[in-house]
Amino acid sequence: MFCNTLMASVCCCGCCSALRPRYKRLVDNIFPVNSEDGLVKSNMEKLTFYSLSSPDKLDRIGEYLYQKASKDINRKRYKFVEIAMEAMDILLQACHAQTTLNLFVESFLRMVQKLLEDSNPNLQILATNSFVKFANINEDTPSYHRRYDFFISKFSSMCHGNNDNIELRDSIRLAGIKGVQGVIRKTVSDDLVENIWEKQHMEKIVPSLLFNMQSGDLTPVEDATVVTPPVLAEEVLRELVGRASFGHIRSVLKPLLTHLDRHELWVPNTFAIHTFRIVMISIQPQYSYTVVETLMQHLDNNFKSSPKTRTSLAVVLSKIIAIAAGESVGPSALDIINNLLTHLRTSVSTTTEITPEESQYQEALINALGEFANHHPDYQKIEIMLFIMNTVPDLSKKSKGDQMLQNILLKSLLKVGTQYSTTSFEKAFPASFLQPLLKMARAPHDPTRIIVMQIFQSLLDRHQNEKVLSTVSIKPYAALSQEPPSRSDIIFTHKYGANIMQALIDSMALSEKLDSLTSSYNTAALLIVEMACGETVQEFLLFILGIQQVSNTSDELSNIHKCCLQQIAIALLTLTARVTGINNLLEYAQKIIEDRKVEATHWLPPLLDSKKSNKSYNLNLPHLAIDKIALAECLQNAGMDFNRLQTGVPYALNQIDNPGHRHSWVESVSNHMQHRNSSADLTAYNADADSISSSPGVSKKALAPEYTVDAMKRYLAEPPESVKREQQEKQKQIVRAFRESDFEDLMKRTEPKHDVIQNRLNDLFNSLSIDNKTPQNATNQNEKPIYETNFPELFYY
């Protein structure tokens, strides 16, 4: 009975098997009796051949494999599941060129999803590897209905695997990262599938990658063949950013910033810097500006955060901004600069007192600005400096907040200036930039002036002499480097040198603090080293005489301050003589130094410190002063032009322009009056003056009443202080009269004083009119000839 039953069963199975579709028989035959034996390769080849020859059966084959795998999963027969998945992979690779592949892919993705949903980590890893193989296939036929949202969520969750077994945990995380990479590749290249750049997807992908990156060491791995989750996550992030278009890059950046905020990864900011560098290096160059802009906006959003957080953000910005600088031109560059300056102004305005942490934040912003400017061409650096200068508050605003803002913005300007490589002073100091800078050099606030001097030094110092000239000295500077100025620099000196030197004199007179005086001296010394030559030496000598004159004539300066100015004057004279190579000038300077060593060491460097010295010094030492006539003789003996020095006036305090270059008739007259040392005013005229005294720009001192040798010596000596003050006051009255009086008033005040010369002119013209008398002249006898008009003294010059 048993035998009959068995025979019937076998017969039935055989009959049923024969009646089953061929594709099912071929699928069944790839599975071995013992799962440990693995895929039956010969039967797999038959199935593959059948699939290629009958592509319309692909979808049925895939569906049947999926059903068999599902049953095996439910029965925990994982080996058979692995065989089914392997068969799927082989068919996918063999038939990827078939037009009906989309139908098979649906079954394939269902099987992958089925394996991923299982709790067995090995099946998850197996499914992920199969998905990656599928992602690397370039499909010719687009898919209209395929969705990957499940795979994005699942792979992202696998990236956060926390299995107790570290090796298994890393394997799951690696699989998740590979799966994310596969989704990116599959979706980015196919515009018809789900948009990977949508917010809900990026908020899963980006944090998953960052989570793995932050768990690893940021130092390069020696063995590049070892693939770890951090290394692979970094690679995928690079690929993701590199594939992002202009409209999609913000989709990556927003979840990145959110992740750094939530996990408090800004302080310390090592990981943040590392991540943003990856972004900047990977992104398409034309979009790098977007990263900087987004980070700045994030800094705006964190204006209420702690100074440490804002500082870290600013440091990250400074580390990456240089990469974006190369692609930022025109308005975009100035826009970044303006944003940085806005943050600086906000920092100053919202803080009553600058704390060390807030100061670090400001320094970080300034560094970011400097790094950004450093990667621009020089002409753009000048534009950036001019842009910053235009944002500096006016000197009329003297509040503490405005002074702080002035210093901060000037520090920003200095940061850009240090990055500028000066070749021509005409290009480095355009008038629109130089004039406001000179105005700031006269600021009453010491720190502001010092920063302005540092800006000048950074732009003037073409031969790295700034440190060498940082101390006031009459000794030779050992490591001084120089070369003759170009023709362009000489023209610049003639055009703007007077303005700069007058600003330096004003700056020196504002404070007796050593750091302020030293900074001004350093600037003046650099100016001399870079620009002094035979054609400009007279201007510098007048500048030195001007410093000395301020020391001699100013009543507002302390004795120590006056001594410091004398020290600076002799130091600059010695430097000028050495730089220009005029031996006569150097010998004269050395003679003064030797005499001062005997009688007035307080007129020799080093500078006196008002905090440490309260002695009373003798300042009435005219025989130890630098003499203008002696300087002119030194130039004359050296065979050089000395007219400018002989006829010009030393640079004075608080004047707008150089007297030697003035073209105003009022100032010319006033200078002439001062030069000839005359007691004449608007109501008196010296008819016996030498003709040279009436020539524009040329003056001659009035002779003493006695012509003895002693009288001449007394006359050549410097006039006493009271006489100088009287002359200055009289000079101010003359200038005020010319400026404020009406023309008719000047005519009336000068008419009575011209009788002698006017009568002589009348006699002369009358004789001419009689000799050349004509009838026409007779008809005009009643009209007053124009030559009978009395002209004021003004028009004789």
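Residues numbered from 1 in each chain as written. Predicted model: local features only at pLDDT ≥ 70, side-chain atom pairs only at ≥ 80, totals over all residues. Heavy atoms only, no water.

1. Regarding the overall build of the protein chain
In step 1: Counting its secondary structure elements, the protein chain contains 35 helices and zero strands.
In step 2: Evaluated residue by residue, the protein chain yields a buried proportion of 47% over its 797 residues.
In step 3: For the protein chain, restricting intrachain contacts to residue pairs at least 6 apart in sequence, the fraction spanning at least 24 positions comes to 74%.
In step 4: When the accessible area of the protein chain is evaluated, it comes to approximately 39,600 Å², of which 52% is carbon and sulfur surface. (Helix = DSSP H or I, 4+ residues; strand = E, 2+ residues; numbered from the N terminus. Buried < 20%, exposed > 50% of the residue type's maximum accessible area, 1.4 Å probe, protein only. Contact = heavy atoms within 4.5 Å. Areas by Shrake-Rupley, 256 points an atom, 1.4 Å probe, with all protein chains shown as cover.)

2. A closer look at the nonpolar core
In step 1: Leu65, Phe276, Phe429, Phe543, Leu572 and Ile626 are the most contacted members of the largest nonpolar core, which totals 217 residues.
In step 2: When residues of this core are assigned to their parent elements, the largest contribution, 13 residues, is made by helix H26 (residues 559-580).
In step 3: Setting aside residues no more than four positions away along its own chain, leucine 65 makes contact with Val27, Ile30, Phe31, Ala84, Ala87, Met88, Leu91 and Met111. (Core = buried A, V, L, I, M, F, W, Y, C linked by side-chain atoms within 4.5 Å.)

3. Some thoughts on the packing of aromatic side chains
In step 1: The full count for this structure, using the stated rule, is 17 aromatic pairs.
In step 2: Aromatic pair tyrosine 148 and phenylalanine 151: ring centres 6.2 Å apart, planes at 50°, arrangement tilted.
In step 3: Given a relative accessible area of 1%, tyrosine 148 falls into the buried group.
In step 4: Classification of phenylalanine 151 by relative accessible area gives buried; the value is 2%.
In step 5: Seen from their ring centres, phenylalanine 150 and phenylalanine 151 are 5.5 Å apart, and the 75° between their planes marks the pair as edge-to-face.
In step 6: A connected cluster of aromatic rings, assembled from ring pairs, spans Phe108, Phe131, Phe134, Tyr148, Phe150, Phe151 and Phe155.
In step 7: A cation over a ring is seen here: lysine 68 above phenylalanine 31, with NZ or CZ 4.9 Å from the ring centre.
In step 8: The side chain of lysine 186 reaches across the aromatic face of phenylalanine 134, ending 4.5 Å from its centre. (Phe/Tyr/Trp six-rings, centres within 6.5 Å; stacked < 30°, edge-to-face > 60°. Lys NZ or Arg CZ within 6 Å of the ring centre and 35° of its normal.)

4. Describing H26
In step 1: End to end, H26 covers 32 Å across 22 residues, agreeing with the expected 32 Å (1.5 Å per residue, within 8%).
In step 2: Burial of H26 is extensive: 19 of the 22 residues sit out of reach of the surface.
In step 3: Just downstream of H26, glycine 581 is the residue with a positive phi angle, here 75°. (Expected span 1.5 Å × (residues − 1).)

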